[in-house]
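Residue strings, one per chain:
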Amino acid sequence: MTSKHLVLALGLASGVFSLQAQQRLAPKAKAKPTDKADPALQAAMTRGAVVYKNVCITCHQADGGGVPNMNPPLIKTTYVLGDKARLAHIVLAGLAEPIEIDGDEYKQHMPAQAYLTDQQVADVLTYVRNSFGNKASAVQVAEVKAVRATLPK
Amino acid sequence: MPSFSPRYLLAVPALAGSLALLASHPTTPTVAPDPDNAGLKLPAGFGALKVAETGGKARHLAVTPQGIIYVKLNRVKDGKGILKLQPQANGKATVAGGFGDYGGTGMYEKNGYLYASSDHAVYRYKLDAKGDVVDPAKPELLVRGLKVGSQHESKSIVLDNADNLYVNVGAYANACQEQDRTRGSKGIPNCPILDSAGGIWQFKASQANQTYKTGTRYATGLRNVVGLDWNPQDNQLFVMQHGRDQLHDNWPALYTDQQSAQLPAECMYAVKQGDNAGWPYLYYDPQQKKKMLGPEYGGDGKKEATGNYIDPAAAYPAHMAPNGLLFYTGTMFPAKYRNGAFIAFHGSWNRAPEPQAGYYVVFQPFKDGKPSGQWEVFADNFSGSAAKTASGRADHRPCGLAQGPDGSLYVSDDSKGTIYRIVYNAKK
């Protein structure tokens, strides 16, 4: 099975791939897990910011806004705020198809970042899901580990 | 909407009069710039106006001898991939329809034909004596089946003076790695991309239905060329290459963030048939002024490349994305601009986390058909502010360049679709 098939299968399984991908989610009125007092979350955010700067920032930019026509924004999209397994899969296996967000197409392939540890992937996704105006639950190491187990060896 | 006033009726003969004056004295400076010079910063004596707002991703453009502006859109808008802009007496233009149901970049006018490209093919349209397209629904398909991937899709086009058509086919990769843009992934030996991309192909400008088989790979080892033009002084093709990205991202042990933002140069090449500029095996270091072996092929930032590769004719700061090149042959601008090159730098993204750069039009002086002297920023502030340049969140991004029949310089913006016209109004 190729990684492309896997992404598709994951997307179909979660049932959100094509429809919700067309538009950004409206920000939720209440976001529960981003309590400033949560020290575990704060630590993950701090570590995730370092990973973001070292790995993601060139393409997705400091403001998470991406690059027009090339690299998609990470701001309030269903890709980022939706299914965590799908999101972790994109980081670990890459994404080799054009995607459309708010009527704009983004064509550049995302390279796989499988060399990152489960902890680094969890941290950076927690950071992305709680930065640039995003608010969503943290990604746990176990969730990344489960996705990695599905990748072809 | 303002109510109709008889004053407008009076204005019509006056406008017609100034039009006649324009026609008889094509260099007479009568086009009034916008009060704010369209938001641009220009050298003294120059002015600019916004000719039209197309609302599309305006890539390259062409101006006919009659002053009609044709604009190629990257994506079809309202069913049209090419817009026709009809000139008005005040120097602006109105969008007067369009045609072509394909997106793309290339737009070039020569000898009574309008040439256009999609990301796969090149077409041409016959123009009539007024500069109108004779049959917009039936272009002649000149070249088909050009390779396109998910990056560097543009097929920029230019003609020489011997009925040849030159087409860029961009490499669908950053540096021909086994895994594109992936950390530590090695370069593929004898990069297979180069058989059908990463170079300039030559075709006949007036022959239908050509393919790779009937064309010639004119020059190779060019990663992605968007701006190109034929130099009339030494009868030679000049191209602007988009240099490789991500030296730090993919080779963090060899290059820092800062080095990655400054390497490699965006290069201008003077190209002759059979030339090889060396992508993906090398990149050009503008500080060392040397061709360096790429890290994908065993380079470390210190080893020079060996092999029979051409040197750049000129080098510019990294990652600024030169999307338009135009040799200026008009007489409206002062003498120093004549036969020099204007270059539209679309603006960078691959400098993050360092500040972004570009989003301006540069002038490169030439002498006897060769770059001569230091380049300078000619038209700046397309982005809207220094902060917007640094963040890369530019309001406008210059892409295509064209010269009007009076010597005005036209610039397209593929972000908001604004068409600019730059004029010289001072005494020379």
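Residues numbered from 1 in each chain as written. Chains lettered and ligands numbered in written order. Predicted model: local features only at pLDDT ≥ 70, side-chain atom pairs only at ≥ 80, totals over all residues.

**Overview of the overall build of chain A**
- In terms of regular secondary structure, chain A is built from six helices and two strands.
- Overall, chain A shows an N-to-C arrangement of helices and strands of α-α-α-α-β-β-α-α.
- Sorting the 153 residues of chain A into buried and exposed places 38% on the buried side.
- By sequence separation, contacts in chain A at least 24 residues apart represent 70% of the contacts at least 6 residues apart. (Helix = DSSP H or I, 4+ residues; strand = E, 2+ residues; numbered from the N terminus. Buried ≥ 20, exposed ≤ 12 C-beta atoms within 10 Å, placed from the backbone. Contact = placed C-beta atoms within 7 Å.)

**A few points about the overall build of chain B**
- From N to C terminus, chain B includes four helices and 29 strands.
- Seen through its principal axes, chain B has C-alpha atoms that stretch 75 × 45 × 45 Å.
- Taken over 428 residues, chain B has a buried fraction of 53%.
- Taking all contacts inside chain B whose residues are at least 6 apart in sequence as the whole, residues at least 24 apart take part in 55%.

**Digging into the sheet that holds strand E5 (residues 93–99) of chain B**
All names here are of chain B.
- Within the open sheet, the four strands sit side by side as E2-E3-E4-E5. Their pairing is antiparallel. Looking at the sheet topology across the chains shown, the edges are occupied by strand E2 (58–63) and E5. Ignoring which end each strand starts from, the neighbouring axes of this sheet average 30° apart.
- Of the pairings in the sheet, the one linking strand E4 (residues 80–87) to E5 comprises five bridges and is antiparallel in character. (Pairing = 2+ DSSP bridges. Axes fitted to C-alpha atoms, helices over the stretch in contact; angles between N-to-C directions.)

**Considerations on the sheet that holds strand E16 (residues 266–271) of chain B**
All names here are of chain B.
- Ordered in space as E14-E15-E16-E20, the four strands form an open sheet in which the pairing is antiparallel. Each of the sheet's edge strands pairs with one partner strand only, and the pair in question is strand E14 (225–231) and strand E20 (314–316). Ignoring strand direction, the axes of neighbouring strands in this sheet form an average angle of 20°.
- Direction of pairing for E14 relative to strand E15 (residues 236–241): antiparallel, over a ladder of six bridges. Opposite aspartate 229, over in E15, you have phenylalanine 238 as the bridge partner.

**Describing the interface of chain B and chain A**
- Of the residues lining the interface, 17 residues belong to chain B; the matching set on chain A comes to 16 residues.
- Its residues assigned to classes, the side of chain B that touches chain A comprises three nonpolar, nine polar and five charged. (Nonpolar A, V, L, I, M, F, W, Y, C, P; charged D, E, K, R; others polar.)

**Considerations on helix H4 (residues 84–93) of chain A**
All names here are of chain A.
- Of all 10 residues in H4, eight are buried; the element is thus mostly enclosed.
- Taken together, the buried positions of H4 are Lys84, Leu87, Ala88, His89, Ile90, Val91, Leu92 and Ala93.
- Positive phi appears at glycine 94, one or two residues downstream of H4, with a value of about 80°.

**A look at the environment of tyrosine 106 of chain A**
Residues and elements named next belong to chain A.
- Relative to the assigned elements, tyrosine 106 resides in strand E2 (residues 104–106).
- Residue tyrosine 106 is classed as buried on the basis of its 20 C-beta neighbours within 10 Å.
- Considering only alpha carbons, one finds tyrosine 106 and threonine 117, 11 residues apart in sequence, at a separation of 27 Å.
- With sequence-adjacent residues up to four places away left out, tyrosine 106 is seen in contact with Gly66, Asn69, Met70, Asn71, Pro72, Pro98, Ile99 and Ile101.

**Some words on unusual backbone geometry**
- Put simply, leucine 263 of chain B and proline 264 of chain B share a cis peptide bond, and its omega is -15°.
- Topologically, proline 264 of chain B is positioned in the loop between helix H3 (257–262) and E16.
- Look at the link from tryptophan 279 of chain B to proline 280 of chain B: it is a cis peptide, with omega at 5°.
- Its location among the elements puts proline 280 of chain B in the loop between strand E17 (275–276) and strand E18 (282–285).
- Phi at asparagine 69 of chain A is positive, roughly 70°, even though this residue is not glycine.
- Phi angles above zero are rare outside glycine, and lysine 76 of chain A is one such case at about 55°.
- Inspection of the secondary structure assignment puts lysine 76 of chain A in the loop between helix H2 (39–60) and helix H3 (78–81).
- Using a count of 21 C-beta atoms within 10 Å as the deciding quantity, one classes lysine 76 of chain A as buried.

**Let's talk about the environment of alanine 89 of chain B**
Residue and element names in this part refer to chain B.
- Tracing the sequence through the fold places alanine 89 in the loop between E4 and E5.
- By C-beta crowding, alanine 89 is classed as partly exposed, having 16 other C-beta atoms within 10 Å.
- Counting along the chain gives 58 residues from alanine 89 to valine 31, while the straight-line C-alpha distance between them is 8.5 Å.

**Examining the packing of H2 of chain A against helix H5 (residues 118–129) of chain A**
Residues and elements named next belong to chain A.
- Contact geometry for H2 and H5: axes closest at 7 Å, N-to-C directions at 95°. Overall, the two elements H2 and H5 adopt an arrangement that is roughly perpendicular. Across the interface between the two elements, Ala44, Met45, Arg47, Gly48, Ala49, Val51, Tyr52, Val55 and Cys56 of H2 pack against Gln120, Ala122, Asp123, Val124, Thr126, Tyr127 and Val128 of H5.
- Looking at the contact of H2 with H5 residue by residue, the class counts come to 11 nonpolar, three polar and two charged. (Parallel < 35°, antiparallel > 145°, perpendicular 65-115°, else oblique.)

**So, the confidence of the model for chain A**
Residues and elements named next belong to chain A.
- In the predicted model, chain A carries a mean pLDDT of 82, and 76% of its residues have values of at least 70.
- Considering each helix and strand of chain A separately, the mean pLDDT is smallest for helix H1 (residues 3–14), with a value of 40, and largest for H5, with 98.
- Contacts from residues 1–32, a stretch scored under 50 in pLDDT, to residues over four places away or in other chains number 41 contacts. (pLDDT = per-residue confidence, 0-100.)

**Structural notes on the pairing of E16 of chain B**
All names here are of chain B.
- Within E16, five of the six residues are buried, which leaves the element mostly enclosed by the surrounding structure.
- With three bridges connecting them, E16 and E20 associate as antiparallel partners. Bridging across to E20, glutamate 266 finds its partner in tyrosine 316.

**Focus on the nonpolar core**
- Val71 and Val167 of chain B are the most contacted members of the largest nonpolar core, which has 122 residues in total.
- With residues near it in sequence (within four places) discarded, valine 71 of chain B still touches Thr54, Ala58, Leu61, Ile82, Leu83, Leu85, Met107, Ser412 and Ile419 of chain B.
- Val80, Ala93, Val124 and Val144 of chain A belong to the second largest nonpolar core, which has 32 residues in total. (Core = buried A, V, L, I, M, F, W, Y, C linked by C-beta atoms within 7 Å.)

**Quick word on the environment of valine 51 of chain A**
Residues and elements named next belong to chain A.
- Structurally, valine 51 can be placed in helix H2.
- We classify valine 51 as buried; it has 23 C-beta atoms within 10 Å.
- Taking the C-alpha atoms as reference, valine 51 lies 9.0 Å from leucine 116; in sequence the two are 65 residues apart.
- Those residues in contact with valine 51 that lie beyond four places of it in its chain are Gln120, Asp123 and Val124.

**Describing H2 of chain A**
All names here are of chain A.
- Its 22 residues give H2 an end-to-end C-alpha distance of only 27 Å, which falls more than 12% under 32 Å, the value for a rise of 1.5 Å per residue.
- Where H2 bends most, at asparagine 54, the angle is about 55°.
- All buried positions along H2 are accounted for by Ala44, Met45, Gly48, Val51, Tyr52, Val55, Cys56, Thr58, Cys59 and His60.
- In the stretch just after H2, glutamine 61 is the one whose phi turns positive, near 75°. (Expected span 1.5 Å × (residues − 1). Bend = angle between axes of the 7 residues up to and from the residue.)

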